[in-house]
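The primary structure of each chain is shown beneath.
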Amino acid sequence: VKSPAFEPPTQSDVIRYCDSRRNGVDPYKFFNFYSAKAWMIGKNKMKDWKSAVHTWEKTTGGTTNNYEGKL
C-alpha cells in the first residue's frame, strides 16, 4: 500500500498546528526553512511535515524564538 503523495502545508496550516500544540516553535521560521529547501530533509523528500515539527520541538526544546502564537 502506497502512502499518499506529500502535500506541502500552507503557512496557515503550520501556524494552526504549532498553536494547537503550544510548542513554542516559530511556525514562520519552520515554514520558511522548509519552503526554501523545497520540503526536503537532506536529500530526501519530506513525507510528514507534522513529524518534522515534532523534531523541531525536541531539538529546540520548543523555543525557536519569541513567537507568541499570534495569527
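Everything below is about the structure printed above this text.
Residues numbered from 1 in each chain as written. Predicted model: local features only at pLDDT ≥ 70, side-chain atom pairs only at ≥ 80, totals over all residues. Heavy atoms only, no water.

1. Topic: helix α1 (residues 11-21)
Quick note on the threshold: The buried label applies to any residue whose accessible area, calculated with a 1.4 Å probe on protein chains only, is under 20% of its type's maximum; exposed applies above 50%, and partly exposed to all values in between. The way it works is that DSSP assigns letters per residue, a run of H or I at least four long becomes a helix, a run of E at least two long becomes a strand, and they are numbered from the N terminus. Between two residues, a contact is recorded if the distance between any of their heavy atoms is within 4.5 Å.
Burial in α1 covers these residues: V14, I15, Y17 and C18. Where α1 is buried, its residues touch α2 (27-36) and α3 (49-60). R22, located one to two residues past α1, shows a positive phi value of around 45 degrees.

2. Some details on the nonpolar core
Where we set the bar: Among the buried residues, those of types Ala, Val, Leu, Ile, Met, Phe, Trp, Tyr and Cys that are joined through side-chain atoms within 4.5 Å form a nonpolar core.
V14, F30, Y34, W39, M46, W49 and V53 are the most contacted members of the largest nonpolar core, which has 13 residues in total. For this core, the secondary-structure elements that each account for two or more residues are α1, α2 and α3. It is α3 that contributes the most residues to this core, four residues altogether. Discounting chain neighbours no more than four positions away, the residues touching W39 are F6, P8, P9, F30, F31, Y34, K45, M46 and W49.

Any functional reading would require information beyond the geometric quantities listed.
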